[in-house]
Structures are given as structure tokens and as C-alpha cells.
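Inside the fold
Each chain, written out:
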Amino acid sequence: MKLSELKRVPVGYLNTPLEPMENLTKLVGKGKLYVKRDDMTGLAFGGNKARKLDYLVAAALDGGYNALMTFGGVQTNHGRMTVAAAVKYGLKPILVLTGAKPDYCSGNLILDRMMGADVHFIDTSAFDGLPDAKEKSAAYLAAETEKIVAAYEKQGIHPYNVPVGGSSVVGAAGYINAVPEIMRQMEEQGINAKYLVCGYGSMGTFGGLVAGAKYFKAPFEVIGIPVSPEFRGPEQVSAFIDQLSKEYELGVHVAPEEIRIETGPAEEPYYGVGYNIPDAVTQDYMALLAKTEGIFTDACYSGKIFHGFLDLVRSGKIPDGENAIFLHSGGTPAIWSKEHLDLAQSLFYDGEGLFVHKA
Ligand SMILES: *Cc1c(COP(=O)(O)O)cnc(C)c1O
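A short tour of the structure in this document, coming up. The shown structure was predicted, so the numbers you read here are calculated from the model rather than taken from an experiment.

1. Digging into the overall build of the protein
- Across its full length, the protein holds twelve helices and ten strands.
- The C-alpha radius of gyration of the protein comes to 20 Å, within 12% of the 21 Å expected for a compact globule of 359 residues.
- Expressed as a percentage of its 359 residues, the buried residues of the protein come to 53%.
- If you sum the accessible surface of the protein, you get close to 16,300 Å²; carbon and sulfur atoms cover 54% of it.
- If the 33 positive side-chain charges of the protein are averaged to one point and the 42 negative ones to another, these points end up 4 Å apart.

Here's what the structure looks like:
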């Protein structure tokens with residue numbers, strides 16, 4: 001199927017703004033720095049998953065499904081946006097989350113519940129410490145999911161299965177098509193940027209953008225910043241792009257050597273300590289962007305990606321004087337997740353500029 005023939009329904013707002021970060025540019029003193037505001041796709045506070053859901057929801061409606069089911073961590077942004085898309089299109093929202101049920105409901109999770117999502121917690125902590133914990137957890141998740149789906153089917157509820165992060169071939173179409181949007185905006189605004197820096201999690205964003213950049217002959221290189229120490233290597237990104245190319249008849253191949261993944265210095269990797277583990281370095285970078293531009297990022301994804309973006313510019317890995325775009329993928333409701341708020345207390349609720357005037 002040709003890319004242009006793929007069905008799409010709008011779940012959020014496009015185009016998102018592409019704008020200069022004047023203060024940050026001045027502070028860094030190298031090149032011109034821009035931000036592509038995919039945190040402003042609108043749907044349920046926005047984020048990158050809206051572009052994928054445009055195509056995923058269309059596929060679900062087209063297939064006659066009456067529910068959307070997706071997967072992720074307890075604080076998944078993708079889950080929150082999938083629930084919102086389901087609500088908007090009259091589909092039943094179902095989340096299958098890997099992790100224990102938290103005592104205190106915060107961040108994305110409370111929004112999921114406000115939107116009326118069924119939430120299933122798959123708690124695999126019983127496997128922790130076992131040599132094959134990963135395999136056992138995956139097998140348990142698969143077996144429980146099968147049971148959950150069967151129970152819904154019995155009630156006449158047919159869930160369309162949206163994979164983790166919405167990163168199927170269908171979902172990634174959203175980011176292939178983000179490339180011409182960015183190219184048009186660059187042309188309109190006279191922006192000459194050689195680099196586009198984005199996050200790399202479940203791959204749909206990075207893989208889609210790299211495929212799109214090659215297909216549409218973009219003037220920029222796409223650089224992916226992993227958000228977790230466990231990420232799939234360039235061979236797998238290349239293989240995913242081959243899949244996209246085959247499905248949409250793009251006729252492109254991107255060799256593993258051409259795929260640029262940057263993790264940063266070993267002593268201070270951009271992904272911080274681990275997936276969704278609070279760390280002060282990431283929160284420092286979040287605060288830096290907030291102080292210079294009034295733009296918020298989150299501690300699980302976009303704060304780390306911004307860390308990578310800025311360090312690539314400062315370190316000269318993005319050559320001096322070259323202009324670059326930071327793709328802001330959203331995630332901001334996670335700022336108010338309990339684990340990150342707990343760390344933020346000590347970092348921001350003390351020190352210079354804080355006064356108490358007590359009568
Ligand atoms: C999901 C997500 C990412 C990663 O995108 P993938 O397409 O999964 O690689 C980056 N930032 C935020 C805020 C996200 O929610």
C-alpha cells in the first residue's frame with residue numbers, strides 16, 4: 001500500500017509549531033537552536049503518540065473493532081494518549097500496564113482513570129532476581145493478556161491491539177509523514193538546520209523519521225537519543241525501516257552504519273540512571289529549558305532527549321555553527337508522577353529565590 005493511501009483520522013492538532021529558541025541559542029552561543037513542538041499535538045496534553053494514533057485509530061475503526069488495548073509501564077504517556085484517542089472515537093479504552101499497582105495514583109495514571117480506562121496491572125515482581133526473570137515476565141504478560149482479551153471478547157468487546165509505544169508499521173507512518181511537515185516549515189521560515197534530534201524508545205518516532213528523511217530527501221540528519229540503557233541497535237532500526245519501505249513502497253534502505261544513535265559520555269549518559277528512574281541530572285536539564293524558554297519537558301523522556309540535544313551541540317558532535325532542531329515529544333503529565341515529584345521537592349522547593357513572609 002502506498003503511504004498516501006493509508007487511512008488516517010485526526011486525533012490531535014497538526015501542524016505543530018517549529019520555532020526558534022532564542023534565549024537558549026544565546027546561552028549556548030553555537031548555531032541556531034530550534035524546537036519542533038510535538039508536545040503540542042493537543043490530545044490529552046499532547047505528545048508524539050498522537051501522530052501514530054491518527055493511523056492506528058483509523059485501522060481500528062476500519063477493522064470494525066470497538067475497543068483499543070495497549071501496553072506499557074505504569075506511567076506510560078502512550079497509554080494516556082491511546083485512552084484519549086479511544087474516548088474521542090467511541091472505543092473502549094483498555095490498558096495493560098507492567099508493574100505493581102501503586103498505592104498513590106498520580107501523573108498519567110490518574111488521567112487514565114479520569115478518562116474511564118480499564119487498567120490491568122501485570123505485576124511480575126515475583127520473578128525479580130531469578131536468572132530468567134525477563135523471559136518469565138514476558139511469558140506471564142503474554143499469558144495474562146490472552147486471558148484478558150478472551151474475557152473481553154466474551155462480552156462482545158473486540159480490542160484492537162496497539163503495540164507498546166504505538167510503534168507498529170501503521171503507527172510509524174505518522175513520523176514518516178512528519179518529515180514533509182518539518183521541511184515545509186523550514187522552507188516557509190527560511191530555516192537551515194542540518195540536524196533533527198529526537199527520542200528513541202519503542203522506535204516508531206526515530207525509525208519513522210529516519211525513513212521519512214531518506215524518502216523525502218530531507219536536508220537534515222536525524223539523531224536518536226535512547227531513553228533507556230536497554231535499546232535496540234542500529235541493525236534493528238535498519239530492519240524496521242526495511243519493513244516500512246516494503247509496506248509503503250518507499251524504495252529506501254538505510255544501512256546500520258548510517259543510523260545515528262547517541263548515548264552520551266559513559267559517566268553521564270543521556271538516558272540517566274534507567275527507564276523512568278528519577279535522577280537529578282535529567283531534572284537539571286528540564287529546569288534549564290524551563291528557565292531559558294519556559295518550555296517543560298519530563299524526566300522519563302523529553303528531559304533526557306533535551307540533555308542529549310544540548311550536549312551534542314555543546315560538545316561539538318553537532319559541528320560548531322550548525323543549526324539543529326530538538327523534537328519535543330511531550331510527556332509532561334509525568335512531571336506530576338509521584339516518583340518524580342518526590343525528587344523535585346528537594347531540587348526546586350528550597351534555595352535561592354524562595355521566601356516566606358509570615359505575619
Ligand atoms: C513514547 C515517547 C518517546 C519515544 O518515542 P518512541 O516512538 O516510542 O521511540 C519519547 N518521548 C515521549 C514523551 C514519549 O512518550
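2. Side note on the nonpolar core
- One finds Phe206, Phe220, Val222 and Tyr248 to be the most contacted residues of the largest nonpolar core, which totals 40 residues.
- Contributing elements (two or more residues each) for this core: α6 (169-176), α7 (178-189), β7 (195-200), α8 (204-215), α9 (234-248) and β10 (324-328).
- Filtering out sequence-adjacent residues up to four positions away, Tyr248 remains in contact with Met1, Lys2, Leu3, Leu6, Val169, Val170, Ala173 and Ile176.
- Among the nonpolar cores identified, the runner-up in size contains 24 residues, and Ile305, Phe306, Val313 and Ile318 belong to it.

3. Here's the deal with the environment of Ser4
- Among the structural elements, Ser4 can be located in the segment before β1 (18-20).
- Judged by relative accessible area, which is 69%, Ser4 ranks as exposed.
- The sequence separation of Ser4 and Tyr248 amounts to 244 residues, and the corresponding C-alpha distance is 8.6 Å.

4. Let's talk about helix α10 (residues 280-293)
- In a regular helix each residue adds 1.5 Å, so 14 residues correspond to 20 Å; α10 covers 20 Å between its end C-alpha atoms and thus fits that length.
- Within α10 the residues assigned to the buried category are Thr282, Gln283, Tyr285, Met286, Ala287, Leu288, Leu289 and Thr292.
- On the buried face of α10, the contacting elements are α1 (22-28), α11 (302-315), β10 and α12 (338-348).
- Sitting at the amino-terminal end of α10 is Asp279, which places a side-chain oxygen 3.3 Å from the backbone nitrogen of Val281.
- One or two residues past the end of α10 sits Gly294, with phi positive at roughly 70°.

5. A short note on the sheet that holds strand β3 (residues 67-73)
- The four strands are arranged β5-β4-β3-β6 in an open sheet whose pairing can be described as parallel. The sheet terminates laterally at β5 (118-122) and β6 (159-162), the two strands that pair on one side only. Taken pair by pair, the neighbouring strands of this sheet meet at an average axis angle of 25°, ignoring direction.
- Bridge analysis of β3 against β6 gives four bridges, and the strand direction is parallel. The residue of β6 that forms the bridge with Ala67 is Pro159.
- The sheet contacts of helix α2 (residues 49-62) involve β3 and β6, and relative to β6 the element is tilted by about 150°.

6. Side note on the packing of α6 against α9
- Packing of α6 against α9 leaves a shortest axis separation of 11 Å and a crossing angle of 90°. As the angle between them shows, α6 and α9 are arranged roughly perpendicular. Contacts from Val169, Val170, Ala172, Ala173 and Ile176 in α6 reach Phe240, Gln243, Leu244, Glu247 and Tyr248 in α9.

7. Quick notes on the site of the ligand
- The full set close to the ligand counts 16 residues, and Lys49, Lys52, Ser202, Thr205 and Ser329 are the nearest of them.
- A distance of 2.9 Å is found between an oxygen atom of the ligand and a side-chain nitrogen or oxygen belonging to Lys49.
- Sorting the residues of the shell around the ligand by element identifies α2 and α8 as the ones contributing at least two each.
- Here the shell around the ligand is composed, by residue class, of four nonpolar, ten polar and two charged.

8. A look at the pattern of salt bridges
- Taken as a whole and judged by the stated rule, the model has 19 salt bridges.
- When the shortest N-O distance is used, the salt bridge between Asp38 and Arg51 registers 2.8 Å. Taken together, the residues Asp38 in the loop between β2 (33-37) and α2 and Arg51 in helix α2 connect sequence positions 13 residues apart. Arg51 carries the same exposure label as Asp38, and that label is buried.
- Among the ionic pairs, Asp118 bridges to Lys92, the shortest N-O distance being 3.4 Å. In this pair, Asp118 sits in strand β5 while Lys92 sits in strand β4 (residues 92-98), placing the two residues 26 residues apart along the sequence.

9. Topic: the packing of aromatic side chains
- Taken as a whole and assessed by the stated rule, the structure comprises ten aromatic pairs.
- For the pair Tyr200 and Phe206, a centre-to-centre distance of 5.3 Å together with 40° between the ring planes defines the contact as tilted.
- Exposure remark for Phe206: the relative accessible area of 1% places this residue in the buried category.
- Judged by centre distance (5.6 Å) and plane angle (40°), the ring pair of Phe309 and Phe326 falls under tilted.

10. Regarding the side chain of His340
- By the secondary structure assignment, His340 is in helix α12.
- Once residues within four sequence positions are removed from consideration, His340 is found in contact with Asn276, Ile277, Pro278, Gln283, Ala299, Ala334 and Ile335.

11. Topic: the environment of Glu258
- If you trace the backbone, Glu258 turns up in the loop between α9 and β9 (260-261).
- Separated by 20 residues in the primary sequence, Glu258 and Ser238 place their C-alpha atoms 8.9 Å from one another.
- In contact with Glu258, not counting residues within four places along its chain, are Lys214 and His253.
- Reaching out from Glu258, the side chain makes a polar contact with the side chain of Lys214 at a distance of 3.2 Å.

About the cut-offs
- Residues numbered from 1 in each chain as written.
- Predicted model: local features only at pLDDT ≥ 70, side-chain atom pairs only at ≥ 80, totals over all residues.
- Heavy atoms only, no water.
- Helix = DSSP H or I, 4+ residues; strand = E, 2+ residues; numbered from the N terminus.
- Rg over C-alpha atoms; globule rule 2.2 N^0.38 Å.
- Buried < 20%, exposed > 50% of the residue type's maximum accessible area, 1.4 Å probe, protein only.
- Areas by Shrake-Rupley, 256 points an atom, 1.4 Å probe, with all protein chains shown as cover.
- Lys, Arg positive; Asp, Glu negative; His and termini not counted.
- Charge placed at Lys NZ, Arg CZ, Asp CG, Glu CD.
- Core = buried A, V, L, I, M, F, W, Y, C linked by side-chain atoms within 4.5 Å.
- Contact = heavy atoms within 4.5 Å.
- Expected span 1.5 Å × (residues − 1).
- Polar contact = N/O pair within 3.5 Å; in protein donor to acceptor, adjacent residues only side chain to side chain.
- Pairing = 2+ DSSP bridges.
- Axes fitted to C-alpha atoms, helices over the stretch in contact; angles between N-to-C directions.
- Parallel < 35°, antiparallel > 145°, perpendicular 65-115°, else oblique.
- Near = heavy atom within 4 Å.
- Nonpolar A, V, L, I, M, F, W, Y, C, P; charged D, E, K, R; others polar.
- Salt bridge = Lys/Arg side-chain N within 4 Å of Asp/Glu carboxyl O.
- Phe/Tyr/Trp six-rings, centres within 6.5 Å; stacked < 30°, edge-to-face > 60°.

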